[in-house]
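Below, each chain spelled out in residue letters.
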Amino acid sequence: MLAKLPSPSNSVVVASSAQSSMQSTMSNLAVQSFLHPAAMQPPFHYAGAASLHAPPPPPPPVVPVRVVWAGNLDAELRFLRVVSTSARFVAFAVHYPGVVVVHDDHNALTAEQRYATTKANADALKPLQVGLAVGTRDGHCLAWEFNLRGFDRAADPHAPGSVRYLEEERGMDLDAHRARGIPMARLTDALHRSGLLHRRDLPWICHAGAYHLAYLLKVIRGGLPLPDDMRGFFGTVRRFLGGDVVYDVACVAGDCPFLPVGLERIADKLDLARPVGSPLLAGAGAVLALQAFVFLQVCVFQGDVQRYRGLLHGLQVT
């Protein structure tokens, strides 16, 4: 559950010059974040300023991930359509079978060259799983994990090490995907009927999002190749997602010296609760990206994250 966000006038002020103070109070700040009902009780302030004898805040609520296969897609889509009417944020994460087009020094490439590499991989490979997390105006977070069928490791290009990691370390069951997964055409149709697309009022959130957004657009467009250049890519983003309102947590967190690299490490540093039901796959990634973004937006940047709008880690930022 996402607690209601405080207004910017009540937000925690964190100056960049206060890095050492921020590090020492981060654990207390985390329990006063939007994830905790106690943080929404006036006044909104550092937990460290409270009495040492005050009772501890309640534990952070957990978000269940709703696991979706072909058999329950229609029922989950009906629920998602209801939730989408009050959506305030939507976050996404996509799992895919690695990369097959690589460069020795990705950071040395221009943004257009990095996009060309992303496009080459996304066009060639099949997405395996799409996670969506929706934060609503009344303060709830709900998450879905859509499992795709169609990937055949014996015939389809992939990076064997990446697929092995997803299976052995993350718990992805590719046999179940093959037997019960959602055909891409059905998921494409479901996303277009979800009520989330073509909305200019809805920010989309990701972490290290170049490939995640590329594969999301691939699914939204029914498997069509991505546009030839970045201008066409971001034009397609505007067309389907409703504007330029895409934020990448990796870019936002990159300006916070007290935060580590990596979404799960960021979540641990901010004391964010891990999702339940499917805690290691795409649905969980979407939940953690959403929670981390709202925490940083409210508690660190006082609501002002416009400078990060449209920046993707892996394209314009490395």
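Remember, it's a predicted structure, so these values are computed and weren't measured experimentally. (Residues numbered from 1 in each chain as written. Predicted model: local features only at pLDDT ≥ 70, side-chain atom pairs only at ≥ 80, totals over all residues. Heavy atoms only, no water.)

Concerning the overall build of the protein chain
Here is step 1 of the chain: Counting its secondary structure elements, the protein chain contains 11 helices and six strands.
Here is step 2 of the chain: The burial tally for the protein chain puts 53% of its 318 residues in the buried class.
Here is step 3 of the chain: Long-range pairs, those at least 24 residues apart, make up 77% of the contacts in the protein chain with a sequence separation of at least 6. (Helix = DSSP H or I, 4+ residues; strand = E, 2+ residues; numbered from the N terminus. Buried < 20%, exposed > 50% of the residue type's maximum accessible area, 1.4 Å probe, protein only. Contact = heavy atoms within 4.5 Å.)

Quick notes on the packing of aromatic side chains
Here is step 1 of the chain: Going through the model one piece at a time under the given rule, you end up with nine aromatic pairs.
Here is step 2 of the chain: Consider the rings of tyrosine 115 and phenylalanine 233, whose centres lie 5.1 Å apart with planes at 50°: the pair is tilted. Of this pair, tyrosine 115 sits in helix α3 (residues 111-124) while phenylalanine 233 sits in helix α8 (residues 230-241), and the two are 118 residues apart along the sequence. For the pair tyrosine 115 and phenylalanine 233, a shared accessibility class is recorded, and that class is buried.
Here is step 3 of the chain: Of the aromatic side chains, those joined through ring pairs into one cluster are Phe89, Tyr247 and Phe293.
Here is step 4 of the chain: A cation sits over an aromatic face here: arginine 180 above tryptophan 69, 4.2 Å from the ring centre. (Phe/Tyr/Trp six-rings, centres within 6.5 Å; stacked < 30°, edge-to-face > 60°. Lys NZ or Arg CZ within 6 Å of the ring centre and 35° of its normal.)

Structural notes on the UniProt feature "transmembrane region" (unreviewed entry) in the protein chain
Here is step 1 of the chain: Taken from the UniProt record, the annotation "transmembrane region" (unreviewed entry) applies to residues 280-301.
Here is step 2 of the chain: What you have in residues 280-301 is 86% helix and 0% strand, and the ends, taken at the C-alpha atoms, are 28 Å apart. (UniProt positions renumbered as here; feature names shortened; annotations may be inferred.)

So, the packing of α3 against α8
Here is step 1 of the chain: One can describe the packing of α3 onto α8 by two numbers: an axis separation of 10 Å at closest approach and a directional angle of 65°. Classified by the angle their axes make, α3 and α8 are roughly perpendicular. For the pair α3 and α8, contact is made by Ala111, Glu112 and Tyr115 and by Met230, Arg231 and Phe233, respectively.
Here is step 2 of the chain: In terms of residue class, the contact of α3 with α8 is built from four nonpolar, no polar and two charged. (Axes fitted to C-alpha atoms, helices over the stretch in contact; angles between N-to-C directions. Parallel < 35°, antiparallel > 145°, perpendicular 65-115°, else oblique. Nonpolar A, V, L, I, M, F, W, Y, C, P; charged D, E, K, R; others polar.)

Comments concerning the environment of alanine 210
Here is step 1 of the chain: Its place among the elements puts alanine 210 in helix α7 (residues 210-220).
Here is step 2 of the chain: Looking at alanine 210, the relative accessible area reads 4%, which means it is buried.
Here is step 3 of the chain: Separated by 103 residues in sequence, alanine 210 and histidine 313 place their C-alpha atoms 6.1 Å apart.
Here is step 4 of the chain: When sequence neighbours within four positions are dropped, the list of residues in contact with alanine 210 reads Thr118, Leu312, His313, Gly314 and Leu315.

Details of the pairing of strand β3 (residues 129-136)
Here is step 1 of the chain: In terms of burial, β3 is largely enclosed, as eight of its eight residues are buried.
Here is step 2 of the chain: Neither face of β3 is open: one carries Gln129, Gly131, Ala133 and Gly135, the other Val130, Leu132, Val134 and Thr136, and all of them are buried.
Here is step 3 of the chain: Both strand β2 (residues 87-95) and β3 contribute to a ladder of eight bridges, which runs antiparallel. From the neighbouring strand, phenylalanine 89 faces β3, where its bridge partner is glycine 135.
Here is step 4 of the chain: The sheet contact formed by β3 and strand β4 (residues 141-147) spans seven bridges and is antiparallel. Opposite valine 134, over in β4, you have leucine 142 as the bridge partner.
Here is step 5 of the chain: Hairpin connection, β3 to β4: the antiparallel pair is bridged by four residues, and glycine 139 has positive phi, about 95°. (Pairing = 2+ DSSP bridges.)

Some thoughts on the pairing of β2
Here is step 1 of the chain: Extensive coverage of β2 is indicated by the burial of eight of its nine residues.
Here is step 2 of the chain: Taken together, the two bridges between β2 and strand β5 (residues 204-206) define a ladder with parallel strand orientation. Within β5, the residue paired with alanine 91 across the bridge is isoleucine 205.

Examining helix α6 (residues 184-192)
Every α-helical turn comprises 3.6 residues, leaving residues that sit three or four positions apart pointing alike.
Here is step 1 of the chain: For α6, every residue scored as buried is listed here: Leu187, Thr188, Ala190 and Leu191. Taken end-on, α6 shows its buried residues confined to a sector of 165°, consistent with a single buried face.
Here is step 2 of the chain: Buried-residue contacts for α6 involve α2 (73-84), β3, β4 and α7. (Arc of directions from axis to C-beta.)

Notes on helix α11 (residues 282-300)
Here is step 1 of the chain: Over its 19 residues, α11 runs 26 Å from end to end, which matches the ideal 27 Å to within 8%, given 1.5 Å per residue.
Here is step 2 of the chain: Here α11 lies mainly inside the structure; 19 of its 19 residues are buried.
Here is step 3 of the chain: Phi for glutamine 302, located one or two positions after α11, is positive at around 55°. (Expected span 1.5 Å × (residues − 1).)

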